[in-house]
Amino acid sequence: MKWWKKIAMSGAGLFFLVLGEGTRECRSFRMTHYHPERSGQQPDGHSRNRIVFLSDLHNRVYGSQNDILLEKIREARPGLILIGGDMLIGKKNASPEQALDFIRRLPEIAPVYYALGNHEQRLKSQVEKYGDVMYYYRKKLTAAGIHFLENESADVSLSGRELRITGLALPLDTYTHKASTGVCSCERGGFRPAGDTRKASVTGRDIRKLAGPADKSRYQILLAHNPAYVPAYKEWGADLVLCGHLHGGVLRIPGWRGVVTPQAALFPKYSGEMTVEDNTTVVVSKGLGTHTVNLRVFNPAEVVVIHI
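Residues numbered from 1 in each chain as written. Predicted model: local features only at pLDDT ≥ 70, side-chain atom pairs only at ≥ 80, totals over all residues. Heavy atoms only, no water.

Colleague: Is there a simple way to think about the pairing of strand β12 (residues 274–277) in this case?
Modeller: Residues in a regular strand point their side chains to alternate faces of the sheet. Taken together, the 4 bridges between β12 and strand β13 (residues 280–284) define a ladder with antiparallel strand orientation. Residue Glu277 lies in a different strand from β13, and its bridge partner there is Thr280. Here β12 folds back onto β13, and the loop between the two strands holds 2 residues, one of which, Asp278, carries a positive phi near 55°. (Pairing = 2+ DSSP bridges. Helix = DSSP H or I, 4+ residues; strand = E, 2+ residues; numbered from the N terminus.)

Colleague: Just checking my understanding: could you explain the sheet that holds strand β7 (residues 161–168) for this structure?
Modeller: Two strands in a sheet stick together by hydrogen bonds in their backbones, pointing the same way (parallel) or opposite ways (antiparallel). Pairing within the open sheet is mixed, and its 6 strands lie in the order β6-β7-β8-β9-β13-β12. The open sheet has two edge strands with one neighbour each: β6 (152–158) and β12. Adjacent strand axes in the sheet meet at a mean angle of 20° when their direction is disregarded. In terms of strand pairing, strand β9 (residues 240–243) meets β13 through 4 bridges, oriented parallel. When the bridges of β13 are listed, Cys243 appears paired with Val284. (Axes fitted to C-alpha atoms, helices over the stretch in contact; angles between N-to-C directions.)

Colleague: For this particular structure, what's the right way to read the layout of surface pockets?
Modeller: Once rolled over the atoms, a probe with the size of a water molecule shows which space is left empty. The computed volume of the second largest pocket comes to approximately 280 Å³. Counted by class, the lining of the second largest pocket contains 4 nonpolar, 9 polar and 2 charged residues. (1 Å grid on protein atoms, 1.4 Å probe; cavity = no way out; pocket = protein on both sides within 12 Å on 5 of 7 lines; lining within 4 Å. Points joined across faces, edges and corners; volume = space filled by probe spheres on them. Nonpolar A, V, L, I, M, F, W, Y, C, P; charged D, E, K, R; others polar.)

Colleague: Quick question: what am I supposed to make of the packing of aromatic side chains here?
Modeller: In this description, a pair of aromatic rings is defined by centroid distance and the angle of the planes. Tallied over the entire structure, the rule returns 4 aromatic pairs. One aromatic cluster in this structure is built from Tyr114, Tyr137 and Phe148. The ring of Tyr219 is capped by Arg161, whose NZ or CZ atom sits 4.4 Å from the centre of that ring. In this arrangement the basic side chain of Arg257 is found over the ring face of Trp256, its NZ or CZ atom lying 5.3 Å from the centre. (Phe/Tyr/Trp six-rings, centres within 6.5 Å; stacked < 30°, edge-to-face > 60°. Lys NZ or Arg CZ within 6 Å of the ring centre and 35° of its normal.)

Colleague: Quick question: what am I supposed to make of the pairing of strand β14 (residues 301–307) here?
Modeller: Along β14, 7 of the 7 residues are buried, which leaves the element largely enclosed by surrounding structure. Residues of β14 alternate between two faces, with Ala301, Val303, Val305 and His307 on one and Glu302, Val304 and Ile306 on the opposite face, all of them buried. Across 6 bridges, the pairing between strand β1 (residues 29–34) and β14 is parallel. Each bridged residue has a counterpart across the sheet, and for His33 the counterpart in β14 is Val305. As defined by bridge partners, strand β2 (residues 50–54) adjoins β14 across 4 bridges and the pair is classed as antiparallel. Pairing of Arg50 across the sheet is with His307, part of β14. (Buried < 20%, exposed > 50% of the residue type's maximum accessible area, 1.4 Å probe, protein only.)

Written out as C-alpha cells, the structure reads:
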C-alpha cells in the first residue's frame, strides 16, 4: 500500500475514533450547576434557592417513562422548576404524550412555570396543519398544575426572595433564517429585518409591548427561548435570562463553544453556557433532546440547576 493511502486511512480512523468518543458521552445527560451571584463558589446548603431549568426535551425519554430524568431532578431538590420550551416536537403526526407524561409529574417536586418555544408556538398557530395538539397538551398540563407564561408574568417567593418570572413568546418569524420584509403582522412597528436580513430585529421596546415592563423591585427572570436577541433582553431589564433552542450546537469544542447549530449557523455567541454581561446573567441550556439533526458531538444534554 502506498504511503499516502496509509496516512489517509490512519487519518480517517482517527477521525471516526474521535467522533465515536465525542458522541458516546452524549447519550445521557449531565446536571450543570450555575451560580449567577457567587461565581466560582460551591453550592450552598439552602436547597430551596435552587431553580431547575429544562429546555428542548423534544420527546426524548431517559429510562422508563423518563424515570431517570425525574429522579435526578428530585435529587437536585429545587424550589422552582422553569421550562424554556420545545419539550415536544412540532411536526405532523408527532405525539405529545411522552413530553406530557413527563411534565405533568414535575409539580410533585416543585412549582412549574412553562414558557413556549418555537415548536409549541408552531403547533398553536397552525391549527389547520397540526390540529388541536397544543390545545390538548396545554389543557392536560394546566390541569396537572403547570403554569404557562405566554407573554405573561408571575410573582414568586423563593426562600423569602421575591422573583418575577416572565415568559416571552416572540413571533414565529423571529426564528427564521430570513425574516419577512416589512413589519411583522404580530406587532405593528416592531420586528423589522436587521440590516443583513438574516433575522428579525428585536428591541427592548418590542418586548415591553408584548410582555409588559420588567419589574425593578424584584429579581427579574426572563424565559426567552431564542438566544439570538440577548441585547434586547438586557435592554428590557432582565436580571437573569434563560434560553435554549440551539441544543448547545450539533458539535462543540470542549471547554469553549458551539461550532455549528442545528440551524447551520457557525460559532453562535450564545449556545450552551453562562455569561454575565453588565447587570444581566444569561444562561443558555444545551437542551435535553434533538430533532431532525439527531447528533451531539462533545455536547452532552443537560439539566441546568441555578443557585440564586
